[in-house]
Amino acid sequence: MSLVAVVGDGCTTTALGMAAAWSSDEPCMVAEFDPAGGCLAAWLDLPRSPGLAEAAASSASGTWSTIQSMVQRSESGVDVLVAPTRAVEAAVVVLAAGASVLPVVSALDTTVVIADGGRLRGPLSPLVTQAAMVVVAHRQHPGSAAAAALGFDRLAELTAQLAVRSIPTVVALIGSRPYAPDEVAAFVRSDTVVALADDPWAAAVLAGRAGSANRLRRSPLMRSLNELVAVVSASLRQMRPHGGRSPHDYHAMDDRS
């Protein structure tokens, strides 16, 4: 099982950056499951179709080969399953994909699927409950300790929900002020807290702005994304079953309880 849900602040940049940093020895792709609408077609100058809408609508969408045929290769080399850009259409498509596409990609063990789930509001989404693990991206408020503390209260509420369901969780903490990662780790329920550099230039290049590929690879953001990928990939390797239950089996048991 290799479905990684990325949710929270800056989750699209984080998901795309993780895919760019992932080892070339292991197939990896980004899938957009954000009900507020996808961004990657515009960011990466890709056609809006085929994508998640076509995969969810296909009568054969219950097979990986059909879903894989809707994946597009970006100029940067990242494989992407794009979602509709408009919120109303995207919400309908993501809901439909939850019944047809998600069960297939959540059961894969040959390809890592990094899914952009958008900002979580309210109950946990099907994407989150079916994922092998969840990366919660959280941006600090460096100018206000009070605002930062409020943000961590909400972050702790989310990570507590994930902990109740025994879903492995990594917090990707964007920015190092006003609180350090170890301080955040002591406050939220998470397996690991990884600091991501607040690097507007590299984030803009990932989002499609022109920039040097060499400089991007050496940027603080990509270096910290490499650390995040190392943590996530190591956890996935440990979770992959060898004749026993997969993490998905335990999530399913939670859903039935």
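Structure report, in brief.

The rules behind these values
- Every chain is numbered independently, its residues counted from 1 as its sequence is written.
- pLDDT decides what is reported in this predicted model: residues at 70 or higher carry local features, side-chain atom pairs at 80 or more are listed and counted, and totals for whole chains, interfaces and linings draw on all residues regardless.
- Excluded from the side-chain calculation are hydrogens and water; included are all heavy atoms of the structure.
- Strands here mean DSSP runs of E at least two residues long; helices mean DSSP runs of H or I at least four residues long; both are numbered from the N terminus.
- Burial classes follow relative accessibility: with a 1.4 Å probe on protein chains only, a residue under 20% of its type's maximum area counts as buried, one over 50% as exposed, and anything between as partly exposed.
- For this analysis, a polar contact is any N or O atom pair within 3.5 Å, provided that within protein one partner can donate a hydrogen and the other can accept it, and provided that sequence-adjacent residues contribute only side-chain to side-chain pairs.
- For two strands to be treated as a pair, DSSP must find no fewer than two bridges joining them.
- Helix axes are fitted only over the stretch in contact, all axes being lines through C-alpha atoms; the angle between N-to-C directions runs from 0 to 180 degrees.
- Angular relationships are summarised with four words: roughly parallel below 35 degrees, roughly antiparallel beyond 145, roughly perpendicular across 65 to 115, and oblique for the angles in between.
- Only heavy atoms enter the contact rule, under which two residues are in contact if any of them lie within 4.5 Å.
- Amino acid classes used here: Ala, Val, Leu, Ile, Met, Phe, Trp, Tyr, Cys and Pro are nonpolar; Asp, Glu, Lys and Arg are charged; the rest, including Gly, are polar.
- Both cavities and pockets are sets of points on a 1 Å grid over the protein atoms alone; in a cavity a 1.4 Å probe fits but cannot get out, in a pocket the set is open with protein on both sides within 12 Å along at least five of seven lines, and lining residues sit with an atom within 4 Å of a point.
- Grid points are joined across faces, edges and corners, and a volume is the space filled by probe spheres set on the points.

Along the chain, Gln72 turns up in strand 3 (residues 72-73). When its relative accessible area of 10% is taken as the criterion, Gln72 is described as buried. Along the sequence, Gln72 and Leu46 sit 26 residues apart, while their C-alpha atoms lie 7.7 Å from each other. Engagement of the side chain of Gln72 in a polar contact is seen with the backbone oxygen of Pro50, the distance being 2.9 Å.

Here we take up the pairing of strand 2 (residues 28-32). Buried residues dominate strand 2, accounting for five of its five residues. Of the two faces of strand 2, both are covered, the one formed by Cys28, Val30 and Glu32 as well as the one formed by Met29 and Ala31. Pairing geometry for strand 2 and strand 5 (residues 112-118), over five bridges, is parallel. Counted as the bridge partner of Met29 is Val113 from strand 5. Direction of pairing for strand 2 relative to strand 4 (residues 79-81): parallel, over a ladder of three bridges. The residue bridging Val30 from the neighbouring strand is Val80, located in strand 4.

At a closest axis distance of 9 Å, the pairing of helix 1 (residues 11-21) and helix 12 (residues 220-239) adopts a crossing angle of 80°. Taken as axis vectors, helix 1 and helix 12 run roughly perpendicular relative to one another. Here Thr14, Gly17, Met18, Ala20 and Ala21 of helix 1 lie close against helix 12, whose contacting residues are Met222, Leu225, Asn226, Leu228, Val229 and Val232. Residue composition of the contact of helix 1 with helix 12, grouped by class: eight nonpolar, three polar and no charged.

Our next topic: the layout of surface pockets. Put simply, the largest pocket is a space of about 920 Å³. Looking at the largest pocket, it is lined by 37 residues, and the ones nearest its centre are Ala20, Ser74, Ser76, Gly77 and Val78. Listing elements by their share of the lining of the largest pocket, those giving two or more residues are helix 1, strand 2, helix 4 (64-68), helix 10 (200-206), helix 11 (213-218) and helix 12. Each residue belonging to the lining of the largest pocket can be placed in one class, and the counts come to 19 nonpolar, 11 polar and seven charged. The space that makes up the second largest pocket amounts to roughly 560 Å³. What lines the second largest pocket is a set of 20 residues, among which Asp9, Leu120, Arg154, Leu155 and Leu158 lie closest to the centre. When residues of the lining of the second largest pocket are traced back to their parent elements, those giving at least two are strand 6 (133-139) and helix 8 (145-164). Top element by residues in the lining of the second largest pocket is helix 8. It accounts for eight residues. Among the residues making up the lining of the second largest pocket, the classes are represented as eight nonpolar, six polar and six charged.

Turning to the side chain of Ser100, a few remarks are in order. Here Ser100 lies in helix 5 (residues 87-100). Here Ser100 falls in the buried class, since its relative accessible area comes to 15%. A polar atom in the side chain of Ser100 sits 3.3 Å from the backbone oxygen of Ala96.

Attention now moves to the sheet that holds strand 3. Think of a sheet as strands paired side by side through backbone hydrogen bonds, with each pair either parallel or antiparallel. The eight strands are arranged 3-4-2-5-1-6-7-8 in an open sheet whose pairing can be described as mixed. The open sheet has two edge strands with one neighbour each: strand 3 and strand 8 (192-196). Along the sheet, helix 12 makes contact with strand 1 (3-8), strand 5, strand 6, strand 7 (169-174) and strand 8, crossing strand 8 at roughly 155°.

Shape is all these values report; function is a separate question.
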